[in-house]
Amino acid sequence: MRKPRMVQQGFSGRDDAAIAADRHNPEIRTTADVMLPALSLSRVTTLLLLFAALTLAASQLAFRYSLSAGMAELESTGRHRLDLYAASLEREIDKYGYFPALLGLDQSVLDMLTAPDANRVARMNHYLEQLNARAGSLSIYILDREGRVIASSNWRQRDSFIGENLFFRPYFRQALETGAGRFFGIGTTQGEPGYYLSSALATGQEVAGVAVVKVGLRQLEQSWGAVEAPALVSDENGVVILSSVPDWKFTTIKPLDKAAMEAFERTQQYNRQALAPLGVKELAVLEDGARLVRLPATTTSAPMFPLAGNFLAQTRNLPGTPWNITVYSPQAQVHTMAVNRAALAGAFAAFLFILALLLNQRRHHLKDQVAAQAALQRAHDELERNVIERTADLSSANERLQKEVAERTQAERTLRSAQDELVQAGKLAVIGQLSAGIAHELNQPLAALRTLSGNARKFLARGNQETASSNLERIDQLVDRMGLLTSQLKSFARKSSGRPQAVPVRRAIENALFLLEQRLKQADTVVRVDLVPEELEAWCDANRLEQVLVNLAGNALDAMEGQHAPVVEIAASRRDGRILIQVRDRGPGISKEVSGRLFEPFFTTKEAGGGLGLGLAISAGIVADFGGALSADNLPEGGAVFTVDLPAAPQRPAS
Ligand code: ADP
């Protein structure tokens, strides 16, 4: 583990240009860059198009498949219905199939035909009436061989067939020609549509007449009408003879030809009905002869189910007849289901597409994440490398600095000792300057001592002890004074430690003036020391402060050399925790040229032998060493003033 501080430095140490370069480096991407792959407009458009195409294709496919499957099912249901309808129709007709032939076995019927009389006919009418009621047919009647109705089940009705000649009806002819006939037609008397079943009535080899049963199929039609698939039965000419939709009856599903029209006229098959076209619109022919059609809207009767939309038309022949039965199965449900399934498939495809998209996105995302992690790892590794390099750089720089510090400390130590030496040299120089005065100071008492000691001896020899004793006392005083002077000199000349301590300012001033006493006297100088309070203490070294003061006072004397009655003023005060000592003179002051170089070492205006130019430089150094300052200025009344500014000694607690 690296130190976090180092890592921090590694980051902050990188300059902006390097960071900008990293941004252009494809290797180093930010996490945000990796997480959010830009989806360009063209990509979005392509995706949308793909989405739409896929959804559309899926719904289209589902629609087609569902439609074809639905149609196949519809076809099968239609076929089934067709079979069902045909069977029911066949059943209905076959029920009466043998009916007319059975009448031919009845002797009373034959008797009535061969020898018709009122009684027989009346009995036959009753018989047929009952038979018809039991069988549920429309009517039963018997024709003679010319086609005239002899007896009929409806004999009681006013519009009874009795007496009517029906030789033109095809079922009569068929019975004469083939023994049996079948025919669908509309009744000529009552206009009731029905199915006619006829059979020849033979007595031996001869045909005596024809028995006819007319069957109504309305019930069957009605039962078809309840089913939602409309159905119709058309004859060989395409005339609709049965239909679950009442409106469709006696319409045509194909154009009638001329021969058919003539036959209708002759046989009055449809009782001169208009026979308009049904108007089924064929849309497409499908497999197995099925057709897709659109049915006409009904006008007069409301159907039980809607006839709108497309229908699947399926047709088959009714066995034993030239008729066709057609069933129309509605396609609407199949269509609706196909649409629903298409919508479902579309939605499912859309879901799958979105799922695939999401999975793909997730895969990309994971890939990007891995890439981001790798990039991050690389960046981390690089960072670590940088940190190691920089740490090494810093260590070597640190070592260099430590070496430099050691060298500087050594140099400072050397400098300090040199400074101390300089201070000492300065001091000795001052002593040198003072030496003449001191010698004079010592010589005078020495001469006095000799005189006094000589006199004392004479007075002792004379026995004048009192005077001798006074001389000896005087000698003591002189020796004391000389001792004081030498001890002062010794103290001044010693090497001080330079360690700061509380220094009484007044004593320092007095000592300095004492050392200069001889010079001051010689020049007849007036020294004024302002009342300096005894407790005023500066935070410095006593010996060095004296040295500074001796220098300043000495310079003041030098400046006033040759001047009549020179004056030196010394004052000391305390202000804001500082001690200010001022030395003023009445000399010429400090000229502009000199003021800039005043504290420069070896700068002097004095003649050779007069000065070294070190006094002020050393003094300024000493004051600065104690955290103070030495400054010079000119006085308005003339003369210079030097100010020593030193920190005051910490106040001693009052005892
Ligand atoms: P030195 O006394 O040996 O010349 P200093 O450093 O003591 O060296 O003084 C440098 C110079 O400053 C002196 O030569 C003098 O020109 C000027 N100077 C010092 N004190 C005074 C003063 N009181 N009045 C005018 N000039 C002064």
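Residues numbered from 1 in each chain as written. Predicted model: local features only at pLDDT ≥ 70, side-chain atom pairs only at ≥ 80, totals over all residues. Heavy atoms only, no water.

J.: Tell me what's going on with the overall build of the protein chain, and back it up with residues and numbers.
T.: The helix and strand tally for the protein chain stands at 17 helices and 20 strands. Compactness check: the protein chain gives a C-alpha radius of gyration of 77 Å against a globular reference of 26 Å for 655 residues, more than 25% above the reference. In terms of its C-alpha atoms, the protein chain occupies a principal-axis envelope of roughly 240 × 45 × 45 Å. As displayed, the protein chain offers around 38,000 Å² of accessible surface, 56% of which is attributable to carbon and sulfur atoms. One way to put it: in the protein chain the 71 positive side-chain charges average out to a point 2 Å from where the 71 negative ones average out. (Helix = DSSP H or I, 4+ residues; strand = E, 2+ residues; numbered from the N terminus. Rg over C-alpha atoms; globule rule 2.2 N^0.38 Å. Areas by Shrake-Rupley, 256 points an atom, 1.4 Å probe, with all protein chains shown as cover. Lys, Arg positive; Asp, Glu negative; His and termini not counted. Charge placed at Lys NZ, Arg CZ, Asp CG, Glu CD.)

J.: An account of the side chain of Asp235 is requested, with residue identities and associated values reported.
T.: Within the element layout of this structure, Asp235 appears in the loop between β6 (231–234) and β7 (240–243). One buried charged residue, Asp235, remains without a salt bridge, the closest side chain of opposite sign being Lys254 at 7.4 Å. Of note is the side chain of Asp235, whose polar atom sits 2.9 Å from the backbone nitrogen of Asn237. Ignoring sequence-local partners within four residues, the contact set of Asp235 consists of Ile241, Gln269, Tyr270, Pro322 and Trp323. (Buried < 20%, exposed > 50% of the residue type's maximum accessible area, 1.4 Å probe, protein only. Salt bridge = Lys/Arg side-chain N within 4 Å of Asp/Glu carboxyl O. Polar contact = N/O pair within 3.5 Å; in protein donor to acceptor, adjacent residues only side chain to side chain. Contact = heavy atoms within 4.5 Å.)

J.: Kindly report on the packing of aromatic side chains, identifying the contributing residues and their values.
T.: Summed over all chains, the structure comprises 11 aromatic pairs. Look at Tyr171 and Phe183: their rings are 6.0 Å apart centre to centre, the planes differ by 45°, and that puts the pair in the tilted class. With a gap of 12 residues between them, Tyr171 in helix α8 (residues 170–178) and Phe183 in strand β3 (residues 180–186) connect regions that are remote in the sequence. Of the two residues, Tyr171 and Phe183, both sit in the buried class. On the basis of an interplanar angle of 5° and a centroid distance of 4.7 Å, the ring pair of Tyr171 and Tyr196 is categorised as stacked. Taken together, the residues Tyr171 in helix α8 and Tyr196 in strand β4 (residues 193–203) connect sequence positions 25 residues apart. Site record: aromatic cluster; members linked through ring pairs are Tyr171, Phe183 and Tyr196. (Phe/Tyr/Trp six-rings, centres within 6.5 Å; stacked < 30°, edge-to-face > 60°.)

J.: Please set out empty space enclosed by the protein residue by residue, giving values where relevant.
T.: Tallied over the entire structure, the rule returns four cavities of 30 Å³ or more. One number sums up the size of the largest cavity: a volume of about 60 Å³. Considering the residues around the largest cavity, the lining is formed by Tyr141, Phe161, Glu164, Leu166, Arg169, Tyr171, Gly187, Thr188, Thr189, Tyr196 and Lys214. In this model, the second largest cavity occupies a volume close to 40 Å³. Along the walls of the second largest cavity sit Gly437, Ile438, Glu441, Leu485, Phe514, Leu515, Glu517 and Gln518, which together make up its complete lining. Elements that contribute at least two residues to the lining of the second largest cavity include exactly α11 (332–461), α13 (505–515) and α14 (517–522). For the lining of the second largest cavity, the element with the highest residue contribution is α11, accounting for three residues. Class assignment of the residues belonging to the lining of the second largest cavity gives a composition of four nonpolar, two polar and two charged. (1 Å grid on protein atoms, 1.4 Å probe; cavity = no way out; pocket = protein on both sides within 12 Å on 5 of 7 lines; lining within 4 Å. Points joined across faces, edges and corners; volume = space filled by probe spheres on them. Nonpolar A, V, L, I, M, F, W, Y, C, P; charged D, E, K, R; others polar.)

J.: Break down the confidence of the model for the protein chain for me, citing the residues and quoting the values.
T.: When the pLDDT values of the protein chain are averaged, the result is 86; 92% of them are 70 or greater. Helix α1 (residues 4–12) is the least confidently modelled element of the protein chain, averaging 40 in pLDDT, while strand β20 (residues 640–647) averages 97, the highest of any element. Below a pLDDT of 50 lies the segment residues 1–37, which in the model reaches 30 contacts outside its immediate sequence neighbourhood of four places, other chains included. (pLDDT = per-residue confidence, 0-100.)

J.: An account of the pattern of salt bridges is needed here, citing residue identities and associated values.
T.: Here the idea is simple: oppositely charged side chains can pair when their charged atoms come close. Scanning the entire structure with this criterion turns up 22 salt bridges. Arg528 is paired through a salt bridge with Glu569; the nearest N and O atoms lie 2.9 Å apart. Of this pair, Arg528 sits in strand β15 (residues 526–529) while Glu569 sits in strand β17 (residues 567–575); the two residues are 41 residues apart in sequence, bridging distant segments of the chain. Residue class for Arg528 comes out partly exposed when judged on its relative accessible area of 39%. Given the relative accessible area of 16%, Glu569 is considered buried. A salt bridge links Arg597 to Glu600; the nearest nitrogen and oxygen atoms lie 2.9 Å apart. Residue Arg597 is classed as partly exposed on the basis of its relative accessible area of 40%. Overlapping salt bridges, with partners in common, bring together Glu441, Arg481, Glu517 and Lys521 in one network.

J.: Help me get a handle on the sheet that holds β15, residues and values and all.
T.: Strands belonging to one sheet form pairs held by backbone hydrogen bonds; the direction of such a pair is parallel or antiparallel. Pairing in this open sheet of five strands is mixed, and the strands run β15-β17-β18-β20-β19 from one edge to the other. Each of the sheet's edge strands pairs with one partner strand only, and the pair in question is β15 and β19 (629–634). Ignoring strand direction, the axes of neighbouring strands in this sheet form an average angle of 15°. One ladder, built from seven bridges, connects β17 with strand β18 (residues 578–584); its direction is antiparallel. By the bridge assignment for β18, Ser573 is matched with Leu580. The sheet contacts of helix α15 (residues 542–559) involve β17, β18, β19 and β20, and relative to β18 the element is tilted by about 25°. Contacts from helix α17 (residues 615–625) reach β19 and β20, with the element oriented near 130° to β19. (Pairing = 2+ DSSP bridges. Axes fitted to C-alpha atoms, helices over the stretch in contact; angles between N-to-C directions.)

J.: How would you sum up helix α12 (residues 465–493)? Please name residues and give values.
T.: The end-to-end C-alpha separation of α12 is 41 Å, in line with the 42 Å expected for 29 residues at 1.5 Å each. Taken together, the buried positions of α12 are occupied by Ala468, Asn471, Ile475, Leu478, Met482, Leu485, Gln488, Leu489 and Phe492. Elements that come into contact with the buried residues of α12 comprise α11, α13 and α15. (Expected span 1.5 Å × (residues − 1).)

J.: Tell me about the site of the ligand, residues and numbers included.
T.: Taken together, 17 residues form the shell around the ligand, and within it Asn555, Asp585, Thr604, Thr605 and Lys606 come nearest. Residue Asp585 places a side-chain N or O atom 2.8 Å away from a nitrogen atom belonging to the ligand. Contact between the ligand and Gly615: an oxygen atom at 3.4 Å from a main-chain N or O atom of the residue. In the complex, 92% of the free accessible area of the ligand, which totals 530 Å², lies under the protein chains. For the shell around the ligand, the secondary structure elements donating two or more residues are α15 and α17. (Near = heavy atom within 4 Å.)

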